[in-house]
Amino acid sequence: MKQLLNADQVQTALETLYQAILADIPADLPFAVVGIRTRGETLAQRIATRLADDHPDHFVGVGVLDIGFYRDDLSRRRGAPLVRATEIDFDLDGAWVLLIDDVLQTGRSIRAALQALLDFGRPKTIRLGVLIDRGGRELPIAADFVGASVDVPDGKRIQVHLAETDGEESVCTVKKD
Amino acid sequence: MAKKASAPSRKTSKAAKAKKKTARRKPRRPSATKATPPPAPSAEFVWRRKDLLGLDELTAQEIVHILDTAESFREVSTRSIKKVPALRGKVVALMFFEDSTRTRMSFELAASRLSADTVLFTAKGSSVTKGETTVDTARNIAAMGVDIMVVRHSQSGAPHLLARSLPSISVINAGDGSHAHPTQALLDIFTIRQRLGRIEGLKVAIVGDIAHSRVARSNILGLRKLGAEVIVVGPPTLVPRAITAMGCQISHDLDDVLPEVDVINMLRIQFERFEASQFPSLREYHIQYGLTGERLKSCNPNVLVMHPGPINRGVEITSEVADGPNSCILQQVTNGLAVRMALLYLVSQGSE
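Calculation notes
- Residues numbered from 1 in each chain as written.
- Chains lettered and ligands numbered in written order.
- Predicted model: local features only at pLDDT ≥ 70, side-chain atom pairs only at ≥ 80, totals over all residues.
- Heavy atoms only, no water.
- Axes fitted to C-alpha atoms, helices over the stretch in contact; angles between N-to-C directions.
- Helix = DSSP H or I, 4+ residues; strand = E, 2+ residues; numbered from the N terminus.
- Parallel < 35°, antiparallel > 145°, perpendicular 65-115°, else oblique.
- Left-handed = near helix turned anticlockwise from the far one by under 90°.
- Contact = heavy atoms within 4.5 Å.
- Nonpolar A, V, L, I, M, F, W, Y, C, P; charged D, E, K, R; others polar.
- Pairing = 2+ DSSP bridges.
- Buried < 20%, exposed > 50% of the residue type's maximum accessible area, 1.4 Å probe, protein only.
- Arc of directions from axis to C-beta.
- Core = buried A, V, L, I, M, F, W, Y, C linked by side-chain atoms within 4.5 Å.
- Domains from an automatic or database assignment.
- Buried area = accessible area lost by both parts, 1.4 Å probe.
- Salt bridge = Lys/Arg side-chain N within 4 Å of Asp/Glu carboxyl O.
- Polar contact = N/O pair within 3.5 Å; in protein donor to acceptor, adjacent residues only side chain to side chain.

All right, on to the packing of helix α6 (residues 134-142) of chain B against helix α7 (residues 158-165) of chain B then. Residue and element names in this part refer to chain B. Where α6 meets α7, the closest approach of the two axes is 10 Å, and the angle between their N-to-C directions is 50°. Relative to α7, α6 is oriented oblique. The handedness of the crossing between α6 and α7 is right-handed. Residue-level contacts link T134, V135, A138 and R139 of α6 to L161, L162 and S165 of α7. When its residues are assigned to classes, the contact of α6 with α7 shows four nonpolar, two polar and one charged.

Let us look at the sheet that holds strand β2 (residues 91-96) of chain B. The strands making up a sheet are joined through hydrogen bonds of the backbone, oriented either antiparallel or parallel. All names here are of chain B. Sheet architecture is open: four strands sit in the order β3-β2-β4-β5, paired in parallel fashion. Looking along the sheet, the strands with just one partner apiece sit at the ends: β3 (117-122) and β5 (170-176). Between one strand axis and the next, the sheet turns by 15° as a mean value, whatever way the strands run. Pairing geometry for strand β4 (residues 148-153) and β5, over five bridges, is parallel. Opposite V151, over in β5, you have N173 as the bridge partner.

A few words on α6(B). All names here are of chain B. Considered for burial, the residues of α6 that qualify are T134, V135, T137, A138, I141 and A142. Buried residues of α6, seen end-on, are gathered within an arc of 160° and therefore sit on one face of the element. Its buried side turned inward, α6 meets β2, β3, β4 and α7.

Time to look at the nonpolar core. Residues and elements named next belong to chain B. Core analysis: the biggest nonpolar cluster contains 92 residues, and F73, L344 and Y345 have the highest contact counts within it. In terms of residues, this core owes the most to one element, helix α14 (residues 329-349), which gives ten residues. Residue contributions to this core reach at least three from each of two domains, namely domain 1 (58-179 + 332-346) and domain 2 (181-330). Dropping the residues within four chain positions of it, L344 is found in contact with L87, V92, F107, A110, A111, L114, I148, V150 and I172.

Turning next to the domain arrangement of chain B. All names here are of chain B. Structurally, chain B comprises domain 1 (58-179 + 332-346) and domain 2 (181-330). A straight line from the C-alpha centre of domain 1 to that of domain 2 covers 25 Å. Across the domain 1 to domain 2 interface the summed buried area is about 2400 Å²; carbon plus sulfur atoms make up 52%. The tally of links between domain 1 and domain 2 comes to three salt bridges. Of the charged contacts in the structure, one is a salt bridge between E71 and R193, with a shortest N-O distance of 3.9 Å. Those elements that provide at least two residues to the side of domain 1 that touches domain 2 are α4 (60-76), α5 (102-113), β4, β5 and α14.

In many analyses, interface size is given as the accessible surface area lost on bringing the parts together. Between chain B and chain A, the residue contacts involve 24 residues of the former and 19 residues of the latter. Three residues, R79(B), Y345(B) and Q349(B), lead the burial of chain B against chain A; their summed loss comes to 29% of the area buried on that side. Taken together, chain B and chain A are joined by zero salt bridges. Those elements giving two or more residues to the side of chain B that touches chain A turn out to be α3 (39-44), β1 (46-47), α4 and α14 of chain B. Tallying contributions element by element places α4(B) first for the side of chain B that touches chain A, with six residues. The residue inventory of the side of chain B that touches chain A, partitioned by class, reads eleven nonpolar, seven polar and six charged. The sheet contact formed by strand β4 (residues 80-81) of chain A and β1(B) spans two bridges and is antiparallel.

Moving on, we get to the side chain of R49(B). Residue and element names in this part refer to chain B. Here R49 is to be found in the loop between β1 and α4. Within the structure, R49 has its side chain in polar contact with the backbone oxygen of E57 (distance 2.7 Å). At 2.8 Å, the side chain of R49 and the side chain of E62 are in polar contact.

This brings us to helix α3 (residues 108-118) of chain A. All names here are of chain A. Every buried residue of α3 is accounted for by I110, A112, A113, A116 and L117. Taken around the axis of α3, the buried residues stretch over an arc of 160°, which confines them to a single face. Considering only its buried residues, α3 is in contact with β2 (31-36), β3 (59-65), β5 (96-104) and β6 (125-133).

A separate point is the packing of helix α1 (residues 7-24) of chain A against helix α2 (residues 39-54) of chain A. All names here are of chain A. Relative to each other, α1 and α2 sit at 45°, their axes nearing to 11 Å. Here α2 runs oblique to α1, going by the angle between their axes. For the crossing formed where α1 meets α2, the hand is right-handed. For the pair α1 and α2, contact is made by L14, E15, L17, Y18, Q19, I21 and L22 and by L43, R46, I47, R50, L51 and D54, respectively. For the contact of α1 with α2, the per-class residue count stands at eight nonpolar, one polar and four charged.

A word on unusual backbone geometry. Omega for the bond connecting R37(A) with T38(A) falls within 30 degrees of zero, at 0°, which places this linkage in the cis form. In this structure, T38(A) sits in the loop between β2 and α2. In this structure, P310(B) follows G309(B) across a cis peptide bond, with omega equal to -10°. Note on placement: P310(B) falls in the loop between β10 (304-306) and α13 (319-322). In this structure, S115(B) is a non-glycine residue whose phi angle is positive, near 70°.

Residues and elements named next belong to chain A. Pairing is parallel across the open sheet formed by five strands, whose spatial order is β3-β2-β5-β6-β7. Looking at which strands have only one partner, the edges of the open sheet turn out to be β3 and β7 (145-149). Going from strand to strand, the sheet's axes swing by 20° on average, the running direction of each strand aside. Here six bridges tie β2 to β3, and the two strands are oriented parallel to one another. Bridge pairing in β3 places V33 opposite V62.

Here it is in structure tokens:
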């Protein structure tokens, strides 16, 4: 395991991400934040808390998406880890929806998340925010807001550690298993 | 009858042996199982089975994994678009060698909410009446490119036979003879957990024709594995003594049992399987073992009343109780859909 970002650098990346979102958020639309399990959920909670403070009038809610049933590799996978419930208990129709994940690589999770999200309603706009963009896209998907871009070789996997789930804040690379 | 009876009893003793084994092992590490809360290990756990034949072969952790997955699928049924693409492009064959309406529709709907295609086979008016064997029938349908078979059969062990004969296909047991009905037991356990918040430490009464009931057998196995106490109740002619080998107690007096239980699962009296000698009349059965409003008064006020359906109103249960606030009979049906979605999804991901 090799550390890419320490706690301070994670904080800086998060702040960059937040400021980019803040600059783009529409003044006249209801907006919601939806995080992809598990780290995306934590990040979405943090971002939503601040956005709700800064723009209390249009904030409709924060949700969490489990994309387990929407993955495109279901037929090649062996074994089924637990898929948790998706929790979006507000109306997405006509809203400005911010989708949040921790790491963007192939874009396949985001494709699945978009399909899942559209089963819940018809948002006016969906924007994507990620803490780390590591390159290596396999689908034509790009993030609208990025905390930090890093260059990581193909054989490595990125792990984001957050205080709520891991007891510390860091971004590391580990060997792919 | 003699031939029919021998098959289930062999199965029972086999299941009983397996149960004994776990029962003997259990006391050795009670603290280990109690110390870990069920949801935590389940999050790390990965499902590997390609078939679901009975609860005897599952570990407590696997059962909890099914229940937790079903919880996620329950949410899907509350959406405006009640469908996820998890089984897109897969084919589920519903092989109903024995009649069923509820279970068949539940599986059919579960498959369609997962975006799978379904084909239905019923024994009536099929090649079975022309003399084809069960395995040949299944092989022919498998040859059309089926991924999962849901099997209901009047002969105990038929789904196991098909799972062995068709190694590349997932088989789910939707009820075989008097042997097992794992999906019914899982939805019962799911409903108990949903209503009462736990399984461990609960006292569950299963009342009725225990001898012929696959629902009773599967419920006993599942409930015992998750740490509940089970009392089976019925007339001596319908409660085989050997059932205690599965780890449950026996009572022939319903009034004696009611005040101490948390859950009452009333089985259907199956007219079609009865012989005149087993009990005098439906009226007498109702008087001794029917769940009435009067009897319910002696229970814990939060007691959960269950029934796998179809109900014989006025025989094993009165309308007052079946439609009353303690009843969760329709909730069982709703939950059955989520549990079957979970099982179809899990076996499709399994690879043993």
